[in-house]
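Each chain, written out:
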Amino acid sequence: MNRLLDAYRAYFKTQIATQLQYRAALVIWLIGLVLEPVIYLVVWTTVARSSGGEVGGYDAGGFAAYFIVLMLVNHLTFTWIFWEYEWRIRQGMFSPLLLRPIHPIHKDLADNVTYKLITLIVMVPATVALALAFRPALQPPAWAVAAFLPALALAFALRFILEWTLAMAAFWVTRVAAINQMYFIALLFLSGRLAPLELFPAWIRALAATLPFRWMIAFPVELLLGRLSPADALIGFAAQAAWILLSLGLLAVVWRAGIRRYSAVGA
Amino acid sequence: MSEAAIRVENLRKIYTIGEREAGMRAALRSLVRRRTREVAAVSGISFRVAPGEIVGFLGPNGAGKTTTLKMLSGLLYPTSGTVDVLGHDPWRRDKAYLRQITLVMGQRNQLGWDIPTLDSLELNRAIYGIPQAEYRRTLDELTELLDLDPLLRKPVRNLSLGERMKCETAAALLHRPRVLFLDEPTLGLDVTAQRRIRAFIAEYNRRYEATVLLTSHYMADVEALCRRVIVIHHGQLLFDGELADLVSRFSPHKTVVVELEDEGADLRPYGEVVAREGGRATLRVPKAETASVTGRILANLAVIDLTVEDPPIEEVIEQVFNQDAGQEGGREAEQPAAVLA
């Protein structure tokens, strides 16, 4: 365990050094992350104004709160593992990772967390600027604020584990772009990124709650907005935990099969 | 030979590869029905390597060298046959196994591109769980042997190829592996850098009694480091034995260099004249006729000097590679143990 912690510390250090080399790229990535919710925010605020100030229980301030929190949650939970995996396998960069006496997922986790922490330096002022510009209406009860952090952590764990598992499709398919695209479309509609799930028809809401998507992004957002009852929150935690366990099981199975495949066809 | 560090028996690796004709029609047809073909990259090789031995693993491109090294290091699992390295099944990739081996593949980098080598070494220290004191000691040794001092603090992307390979080598050996699989460790390096890496491998082998299996297209590497060589071709073992035996066994010729008083003497009756400069000539003579030819030259011509040499090792290797596997080489492959003994 100590050895693993030591490895994480070293990963953090090298990753910080690496990330800071690419300040321009960091900022460009972040602009994308900030811009997407701002566009949705402007669109939905306009829709709300033109339909008497409110859509599906969200007014302008409500939308502002939703999309600003969404931006933070999405930033803190997203991964780039699909591209990383495809690149690794196509470029033959996977073999060096396999030769190390440590599971490659640790490096990816450390890289991801490091990136999130570094970019907070920019995300926090961006959030403040957006809050000043759009005046979000955000008055969550104290218990919801307290529940938000674990919900966020679980959302990150779920998204990371599931996306790491899906990214392993690269072991079988040379071009995983098609698979990625399907996943991202589902994520866009069913996770609450495009709009609050309350605005969608009931069957889409049911689909989003049955699949893991709602629990990856919308759940912590709605929690912090004070739109969930304590009972809803408990259901959410249970769903997150269940999906994490399921994804972990899936990850172990796919990993074993993927490595078998990789070492059969030529590493 | 019971205490072999590496034991390979009847090792085979067959790849299934997709194939199709060129052109649009074939492309469309392959959408519906994929045609595949089986290619044997390694077809039944056996050998053993004793602890502390350096063995040169030779063969032309596509002979199966890299595939074999990948099976030995656990990246590929064999289609059939057994591999045992230090008592481990490599393809299980036990952490205990991975901590004892290293695979250096040409210019595949395990160093972070954007950070100084020292940071990557520190990362390897943590990953391999090397105690601080031992890390310091090994790092000092590697720094001294490879002359790394001016390089360690520069970002890797600012290093030249030779400098980077030295750093890669250091990173690959920081955990003091007992078995080294080196696939073209000097590829693309200039002569000085090659010599440096070569000297380092020899020193590392001596110091830690490490077992080394090395492929290289530079015969200078092989001559400097390996007393024993294993030659494979078309996935089959052609030869396993001492480098000197390879030459005598596979070269059907000897080189006779003769210096004559009479610059105009006709040497054609004695053998193929490869080079001639004034009174000095180089002849290629069938091995079996060497004695009679030199006898005739000494008897018939006014000789100032005469030497008989083996042809250069490159030439012999080329000859070995040019013959088809399974012909003369097939017999060689059956008796490596005798050569080894």
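Presented here is a report on the structure given in the accompanying data block. The written sequence of each chain sets the order in which its residues are numbered from 1. Chains and ligands are labelled by the order in which they are written, letters from A for the one and numbers from 1 for the other. At least 70 in pLDDT is required for a residue's local features to be given in this predicted model, at least 80 for side-chain atom pairs to be given and counted, and no such filter applies to totals for whole chains, interfaces and linings, which use all residues. As a rule here, side-chain values come from all non-hydrogen atoms in the structure, and water together with hydrogens is ignored.

### Here's the deal with empty space enclosed by the protein
Gaps left between atoms are located by rolling a probe of water-molecule size over the structure's atoms. All names here are of chain B. Every definition here rests on a 1 Å grid over the protein atoms only: cavities are sets of points where a 1.4 Å probe fits but cannot get out, pockets are open sets enclosed by protein on both sides within 12 Å along at least five of seven lines, and lining residues have some atom within 4 Å of a point. Grid points are joined across faces, edges and corners, and a volume is the space filled by probe spheres set on the points. Taken as a whole and judged by the stated rule, the model has 2 cavities of 30 Å³ or more. The space that makes up the second largest cavity amounts to roughly 60 Å³. Lining of the second largest cavity is provided by V104, T169, L173, L180, L182, P185, I197, F200, I201 and Y204. Strands are runs of DSSP state E lasting at least two residues, helices are runs of H or I lasting at least four, and both sets are numbered from the N terminus onward. Contributing elements (two or more residues each) for the lining of the second largest cavity: α6 (161-173), β6 (179-183) and α7 (191-208). Of all the elements, α7 adds the most residues to the lining of the second largest cavity, at 4 residues. In this count, Pro and Cys sit with the nonpolar residues alongside Ala, Val, Leu, Ile, Met, Phe, Trp and Tyr, while Asp, Glu, Lys and Arg are called charged and the others, Gly among them, polar. Of the residues in the lining of the second largest cavity, the class split is 9 nonpolar, 1 polar and no charged.

### As for the sheet that holds strand β5 (residues 101-105) of chain B
Residues and elements named next belong to chain B. Any two strands between which DSSP finds at least two bridges are classified as paired. Read across the sheet, 6 strands follow the order β5-β6-β7-β3-β8-β9 without closing on themselves; strand pairing throughout is mixed. The strands lining the two open edges of the sheet, one partner per strand, are β5 and β9 (236-242). When the angles between neighbouring strand axes are averaged without regard to direction, this sheet yields 15°. Summarising the sheet, strand β3 (residues 54-58) and strand β8 (residues 228-233) pair through 4 bridges and their orientation is parallel. Residue L58 lies in a different strand from β8, and its bridge partner there is V231. Working rule for contacts: check all heavy atoms of both residues, and any pair within 4.5 Å makes them a contact. Helix axes use the C-alpha atoms of the stretch in contact, all axes being lines fitted to C-alpha atoms, and the angles between their N-to-C directions lie in the range 0 to 180 degrees. Along the sheet face, helix α9 (residues 243-250) touches β8 and β9 and points at about 120° away from the line of β9.

### A few points about unusual backbone geometry
We note that A:R135 has phi near 45°; this positive angle belongs to a residue other than glycine. In this fold, A:R135 is placed in the loop between α6 (104-134) and α7 (142-167). The residue B:R176 is not glycine, and still its phi comes out positive at about 50°. Relative to the helices and strands, B:R176 is located in the loop between α6 and β6.

### Concerning a nonpolar patch on the surface
Residue and element names in this part refer to chain A. On the surface, a cluster of nonpolar side chains totalling about 490 Å² of accessible area is made up of V27, I31, L35, I39, V43 and V47. With respect to the helices and strands, the residue I31 is situated in helix α2 (residues 23-50). With relative accessibility at 47%, the residue I31 sits in the partly exposed group. Patch building starts from residues that exceed 30% relative accessible area and form no salt bridge, then joins like charges within 9 Å and nonpolar side chains (Val, Leu, Ile, Met, Phe, Trp, Tyr) within 5 Å. Only the protein chains shown count as cover for residues, and all accessible areas are computed by the Shrake-Rupley method using a 1.4 Å probe. One speaks of a salt bridge when a side-chain nitrogen belonging to Lys or Arg is within 4 Å of a carboxyl oxygen belonging to Asp or Glu. For every residue, the accessible area obtained with a 1.4 Å probe (protein chains only) is divided by the maximum for its type, and the residue is called buried under 20%, exposed over 50%, and partly exposed between those limits.

### Overview of the interface of chain B and chain A
Taken residue by residue, the interface counts 27 residues in chain B and 28 residues in chain A. Carbon and sulfur atoms make up 58% of the surface buried where chain B meets chain A, a total of about 2,700 Å² over both sides. Buried area counts how much accessible surface, traced with a 1.4 Å probe, disappears from two parts once they are put together, with both parts' losses summed. Taken as a group, B:L75, B:D114 and B:I127 account for 23% of the area that chain B buries against chain A, more than any other trio of residues on that side. If you look at where chain B meets chain A, you find 1 salt bridge. As a salt-bridge pair, A:D6 and B:R125 come within 3.1 Å of each other at their nearest N and O atoms. Along the lines of polarity and charge, the residues of the side of chain B that touches chain A split into 11 nonpolar, 5 polar and 11 charged.

### Some words on the packing of aromatic side chains
Think of it this way: a Phe, Tyr or Trp ring, Trp meaning its six-membered ring, pairs with another when their centres are within 6.5 Å, and the plane angle makes it stacked under 30 degrees, edge-to-face over 60, tilted otherwise. For the structure on display, the rule yields 31 aromatic pairs over all chains. Centre to centre, the rings of A:Y8 and A:F12 are 6.1 Å apart; their planes meet at 50°, and the pair counts as tilted. Placement of both A:Y8 and A:F12 in helix α1 (residues 2-19) is noted, with a separation of 4 residues, approximately one turn of the helix. Three or more aromatic residues joined by ring pairs form one cluster here, namely A:Y85, A:F94, A:W164, A:F171, A:W172, A:W255 and A:Y262. The lysine or arginine in question, A:R88, covers the ring of A:Y85, its NZ or CZ lying 5.4 Å from the ring centre. The criterion for a charge sitting over a ring is simple: Lys NZ or Arg CZ within 6 Å of the ring centre, and within 35 degrees of the ring normal. Directly above the ring of B:Y77 sits B:K13, whose terminal nitrogen or CZ lies 5.4 Å from the centroid.

### Remarks on the nonpolar core
The biggest cluster of nonpolar side chains holds 96 residues, and the ones touching the most others in it are A:Y85, A:F94, B:I6, B:F47, B:L72 and B:F181. Considering every element that reaches this core, the biggest residue donor is α7(A), with 11 residues. Residues within four places of B:F47 in sequence aside, it is in contact with B:I6, B:R7, B:V8, B:F57, B:T68, B:L72, B:L213, B:R228, B:I230, B:L237 and B:D240. To qualify as a nonpolar core, a set must consist of buried Ala, Val, Leu, Ile, Met, Phe, Trp, Tyr and Cys residues joined through side-chain atoms within 4.5 Å. Within the second largest apolar cluster, 61 residues are counted, among which are B:L174, B:V222, B:I313 and B:V320.

### A word on the sheet that holds strand β12 (residues 280-286) of chain B
Residue and element names in this part refer to chain B. Strand order in the open sheet made by the 4 strands is β11-β12-β10-β13, with antiparallel pairing throughout. Looking at the sheet topology across the chains shown, the edges are occupied by β11 (272-277) and β13 (303-309). Between one strand and the next, the sheet's axes are offset by a mean angle of 20°, whatever the strand orientation. The sheet contact formed by strand β10 (residues 253-260) and β13 spans 6 bridges and is antiparallel. Counted as the bridge partner of V257 is T307 from β13. Lying over the sheet, helix α10 (residues 290-300) contacts β10, β12 and β13, oriented at roughly 170° with respect to β13.

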